[in-house]
Each structure stands twice: as C-alpha cells, then as structure tokens.
Amino acid sequence: MSRRIKQALPRSTLTLTAGLFLTIALVGCNDSDSDGASSQITAEAQCEKFTGKTYGEATITSSTFVPTKDDIPEHCLVYGEMEKDLDFEVRMPTDWNGRTVFAGGGGFDGSIADVTTYRSLSPDLAQRGYATIATNHGHTSGDYDGQSWALDEQMLKDYAYRSVPRVMSPASQVLTARYGAPWTNSKTVYEGCSGGGRQALMQAQRHPDLFDGIISRAPANDFTGQFLWYQKVLKQFSQPGAGLSDAKIRTLSDAILAKCDADDGLKDGILGQPNSCDFDPSELACTGGESDDCLTAPQIESVRTFFAGVDIADGRYTWATHPPGSEFRFDFGAWADDGTGTRREGAAAALMNGYIKYMVARDPSVDPLELDPTEYTDRIDELVKLIDATDPDLTEFKNNGGKLILWTGLSDSLITANNATEYYQNVVTEMGGQDVVDGFMEYYTSPGVDHCNGGAGADKIDLIEPMFQWLEQDTPPSNERILATQYDTPEGELTKNRPVCQYPKYPRYIEGGDLGSAASFKCVLPD
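Computed from a predicted structure; not experimentally measured. (Residues numbered from 1 in each chain as written. Predicted model: local features only at pLDDT ≥ 70, side-chain atom pairs only at ≥ 80, totals over all residues. Heavy atoms only, no water.)

Draft legend 1. Looking closely at the pattern of salt bridges. All told, the structure shown has 19 salt bridges when counted by the stated rule. The partner of Arg250 in a salt bridge is Asp254, and the shortest N-O contact between them spans 3.5 Å. Linking Arg250 with Asp254, this pair stays in helix H6 (residues 246-260), spanning four residues, or about one helical turn. (Salt bridge = Lys/Arg side-chain N within 4 Å of Asp/Glu carboxyl O. Helix = DSSP H or I, 4+ residues; strand = E, 2+ residues; numbered from the N terminus.)

And the structure:
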C-alpha cells in the first residue's frame, strides 16, 4: 500500500485555452504483431505498464490512468517510493505540450502538492498539458510537523537539499519511457514558492545543470534568519499586554493605508511602493484609555519588532526588514495574549516551534521562546550550511544556459519581500553587474500580494509561459508584458488586473484609466 498523503488545496478556475496543446507523438505507442501489422497501444494500457517497475533507487508502487474530468485532460499518474520516506509522483498527459515542470512544495513539506489545485504555482499546469513532477521532500507528515522526521539525519538532508536531485533521476527515466526522445530533447523547469522557492534557488546553487529554468517565488532561502526572526517576534508578542487583537491589526493597517495608499496614483487598498512609506507606529499611541483604535507602549514595541528584522550574535544571523503593508495578516497573533484569553495557532508559530525543538535544540522538551540562539551557534551554523540557499554566485547555472525568474509579493507577512530583494541585489554584485545578470535572471514584485498568493493585490500570475518562451525562443520575460489577476474577488468588487513589474519598477495608475484594465497601469521607477 502506498504511504503517501495528499494536500487538499483550493482549485484554480482558469479555463483551458483553445489551441494551447502541442500534441507529441508517443514513442513506443505501436506494437507489431507476428505478421508485421501494427496495432496501437492505448494510453491506458501504456500507463499501467509502469506499476512494479524499478528506476534506479525508486520503485513504482502504482500507475493510474486518469480519464478526462472537468478541465483536467486525461493523463497517467505514476507514484514512486524511495528510501527512507521519499515519495514522488509524475503526471504525464496523453496530449503533452512538450514541457515539464517540477513543482515545489512549502512549509516543512511532508506531502505531495497536487498540481491540479495548488495555488503556489503558475495556474493550471495540469489543465494546459504540462508533464509534472512533485515530491514530499523526504518524509510524510503534516505541513508544520518537525517531530516525525527532523531528528533523522537522512530525512533532514533530503528536506534540506537532496530530495529534488534524488527524485529527478527516476522521474526522468519514467518520462523518457513514456515520451522517448521528445522528452529528452525538451526543456524542464522547477517552480516553487516559500519552501519550494528555497528549493528552487538551492538547485541553481548546488545542482546548476539539473534544470533549464528555475522560478523561485517568495523564497524561504535565508532559512536561518527567517526562523530566528519568527522567534524574536513571537517572543515579543508573548509579553504581557504586547499582543494585538484583530481589531488593532486592522487599525494599524488602516493607518498605514491612509498615509501611503495614494502614493502609487490610486487609493485602492494596495501600496505600490511600500518601502517608501514612512510610518511610525507611535502615531497610534493611546493617549487615554486603551481601545481598539490605539496601541499601548508594549504593542507599539511589538509592531516595531515585526518591521525591524533581526540581527543576532553581532550580525552572524540576520533577517531583512518588513515593509509597511505586510502587517495586515499578522500571523503572529499565535502565542500572543491579545486580551481575549485565547491564542491563535498560526503558521509562523508552528514552524518556529518545529525549527527550534527538532532542528536547533534537537530536544522536544525545550521551550522554543526561551532558547538563546547565541548558545547554539555551532548547531545553527551547521543548519545554515545544510538548509540555507543564499549563495549569490550563480556562475555555473548561468554558464549552463540556465534562466531564473525571482518573484515575491510585497505584502508577504511570513517572508519579507526585502529578503528576495536583498538576494537579487547580492547576485548582481557577485556576478559583476546588472548587464551580466539581465542575461539569465529577472526579478518581479507584486504589490498587495501576501505569501505566495492572497491579499488585496492581483495574485494569479503565470510565470511558466514566460519562462518557456525565454528558454525556447530566447525571449526574456521583460520583452513581453506579464499580467496578473485575482484568484478570488469579493462579490460585487471589480476584478483586479495588473501588470507584474520587473524590479525596481512598480505599477502606477494612469489617471482616468479603467480600473479593471491592466492597460491603466504603467510600470515605472520609484520617485
């Protein structure tokens, strides 16, 4: 019996575009009988042949023919298992479009992302005929569970950096067996967000010949700094009276918008250039009794801690500042006494708990808020080398002809957008300047978009098509206009359509333009 579990995530709603598929002839689809006559093997029969086969260190435990249903074309779904608990799947459409995408996961992984519904990737990969690969990254667990695997050295290494190349080997053999030469001569791209964005950059840095193109969204690549920042913020929020209720968070967000929303030419609840917003939380200081409309001194300190980033052990571990506009979700209500007597368990708290207990201290009894990172620098340094993906030297990836798209949402409250910006700037410096980097790497940002998706901005963005145009036609994404819409629009509200601008530009509203049209926004440099 298969040991996998699968994620259940919201479904994208894009419809299949007519004429999108490029049908590839199936190698080995004809068998000859004893008279030399040819009889076609059905796609279903060809799919079933994978079950029980071994490819390198992987065993195929099931191969299922999935008929066309709704907007998902028929395809062969192959599951493979590897030691210790590394599982993967390969989806191979009958009408393959000639392209393959390795889909990254997120958080602590632990399950295989369902590419038919997963919103942290370019929309509708399965619907548009892409062959896809996905993995649980070395363990089967909940998204935020570190206890069941992080104490195991092999599983930790698989999660950190080994799972993708380990899976890519047998997955490549499966795809070659299905499509033959057309697959070996085609392009393969890795796309991931958050933890998947970290894995994406890890491939460019450690396995520069593994993928033709890499798309890294909101990367958790500065893993160590990020998790130590979680600890710092959550520790502050746990202090008496330092937590913020939902109402106070809304007061904070409204004050920031009131001050800076119109700076991009349009007052629409989105900060087009958040780093230019000069906001001091002391502007909301309570002058009389406490209410939802003001912040107490401990709460002001909490807001400042959130925006400030982190600097631990004299700069040994750092994390970039957060721009205004990233506070609206404030996942850090968990652990915080917000005056209601309850605590909300958010992603940041759950991830920090697993990191401190099972990766740093390797002791489940440790209180994650009481651990002093300066007393664990040897272990944390080991984790930096193991998990972080911050090396800006992408020379080998560039020399192999690789292309890289980096993207982030500017209202991301879990991973500051300034983290991606700092990495990009480090690459430019390390690689010898902007002209060198422009030949193989482009960086894009989306105002108002939260972690991977969600938020007030336009969060549905196809980066896969621009990437393959770059690889196949040598047309950089910046030569064409990348557009974004919204996954979910509140009833009665106008759907947002926005251009996705190449850093450092932002989309500025053209006065008098149709608010529902991306043509009403122009990518411009900050003032």
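Once you've had a look at it, read on.
Draft legend 2. Spotlight on the state of the cysteines. Applying the stated criterion across every chain, the model contains five disulfides. Bridging Cys193 to Cys452, the disulfide has an S-S length of 2.1 Å. An S-S torsion of about -105 degrees defines the bridge between Cys193 and Cys452 as left-handed. In this pair, Cys193 is assigned in strand E9 (residues 187-193) and Cys452 in the loop between strand E14 (441-446) and strand E15 (460-461), connecting sequence segments 259 residues apart. Accessibility assignment for this pair places Cys193 and Cys452 in one class, buried. Each sulfur of the disulfide joining Cys286 and Cys294 lies 1.9 Å from the other. Linking Cys286 and Cys294, the disulfide has an S-S dihedral of approximately 90 degrees and is accordingly described as right-handed. Taking relative accessible area as the criterion, Cys286 reaches 22% and is therefore assigned partly exposed. What links to what in the protein chain: the bonded cysteines, counted in sequence order, pair as 1-2, 3-8, 4-5, 6-7, 9-10. (Disulfide = S-S within 2.5 Å. Buried < 20%, exposed > 50% of the residue type's maximum accessible area, 1.4 Å probe, protein only.)

Draft legend 3. Representation of the packing of helix H2 (residues 153-179) against helix H4 (residues 195-206). Two elements in contact, H2 and H4, have axes separated by 10 Å at closest approach and are oriented at 65 degrees. One finds that H2 runs roughly perpendicular with respect to H4. Along this stretch, H2 crosses H4, giving a crossing that reads as right-handed. Every residue of H4 that contacts H2 at Asp158, Tyr159, Ala160, Tyr161, Ser163, Val164 and Pro165 is listed here: Arg198, Gln199, Met202, Gln203 and Arg206. Per-class residue counts for the contact of H2 with H4 are six nonpolar, three polar and three charged. (Axes fitted to C-alpha atoms, helices over the stretch in contact; angles between N-to-C directions. Parallel < 35°, antiparallel > 145°, perpendicular 65-115°, else oblique. Left-handed = near helix turned anticlockwise from the far one by under 90°. Contact = heavy atoms within 4.5 Å. Nonpolar A, V, L, I, M, F, W, Y, C, P; charged D, E, K, R; others polar.)

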